Amino acid sequence: ATVPEYQGKGYAKAMIDFIITKYREEYSTLQVGTGDSPMTIPFYEKCGFVRSHIVPNFFTDNYDHPIYEGGIQLVDMVYLRRSF
Ligand SMILES: CC(C)(COP(=O)(O)OP(=O)(O)OC[C@H]1O[C@@H](n2cnc3c(N)ncnc32)[C@H](O)[C@@H]1OP(=O)(O)O)[C@@H](O)C(=O)NCCC(=O)NCCS
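Residues numbered from 1 in each chain as written. Predicted model: local features only at pLDDT ≥ 70, side-chain atom pairs only at ≥ 80, totals over all residues. Heavy atoms only, no water.

Focus: unusual backbone geometry
Point 1. At Asn 57, a residue that is not glycine, the phi angle is positive and equals roughly 60°.
Point 2. With respect to the secondary-structure elements, Asn 57 resides in the loop between strand 2 (50-55) and helix 3 (58-62). (Helix = DSSP H or I, 4+ residues; strand = E, 2+ residues; numbered from the N terminus.)

Overview of the nonpolar core
Point 1. Ile 16, Ile 20, Leu 30, Val 32, Ile 41, Tyr 44, Cys 47, Phe 49, Val 78 and Leu 80 form the largest nonpolar core, which has ten residues in total.
Point 2. If we skip the residues at most four places from it in the chain, Phe 49 touches Ile 16, Leu 30, Val 32, Tyr 44, Leu 80, Arg 81 and Arg 82. (Core = buried A, V, L, I, M, F, W, Y, C linked by side-chain atoms within 4.5 Å. Buried < 20%, exposed > 50% of the residue type's maximum accessible area, 1.4 Å probe, protein only. Contact = heavy atoms within 4.5 Å.)

A closer look at the environment of Tyr 6
Point 1. Mapped onto the fold, Tyr 6 is located in the segment before helix 1 (11-23).
Point 2. Judged by relative accessible area, which is 43%, Tyr 6 ranks as partly exposed.
Point 3. Between the C-alpha atom of Tyr 6 and that of Glu 26, which follows or precedes it by 20 residues, the distance is 31 Å.

Here is the structure:
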C-alpha cells in the first residue's frame, strides 16, 4: 500500500519495477493476487500485468467478515501476471 497522501506519484509502480529489476536474473514472472476491485486491478493492468486465473470464494471462505472495496464485496481472489 502507498500512504494515501502519496498515492498517484508513481511510488507503487516504482516498487514493482524495483522488484522486477532485483529478481530479473532468477525469475521471469511476477504474480500478484488481489480482490476483484476497481481500486487495484486497473493499477496492476497499468503496470503491465494481465489476468491469469481466479481462486473462487477466497475472500468469503477465508475471512470472518465481508470486505468491501469501492462499494463492491470482494469474493474471488484474482491473480495477475507480468512476464519479464
Ligand atoms: C493500488 C496502490 C498501491 C497504487 O499506489 P500508487 O503509489 O498510488 O500508484 P502509482 O502512483 O505508482 O500508479 C502507477 C500507475 O497506475 C495508475 N493507477 C494507480 N491506481 C489506479 C487505479 N485505482 N485505477 C487506475 N489507474 C491507477 C496511476 O495513474 C499510474 O499511471 P501512470 O503510470 O500512467 O501515471 C494504492 O492505491 C494503494 O495503496 N491502495 C490501497 C491498498 C491496496 O489496495 N493495495 C493493493 C493490495 S493488492
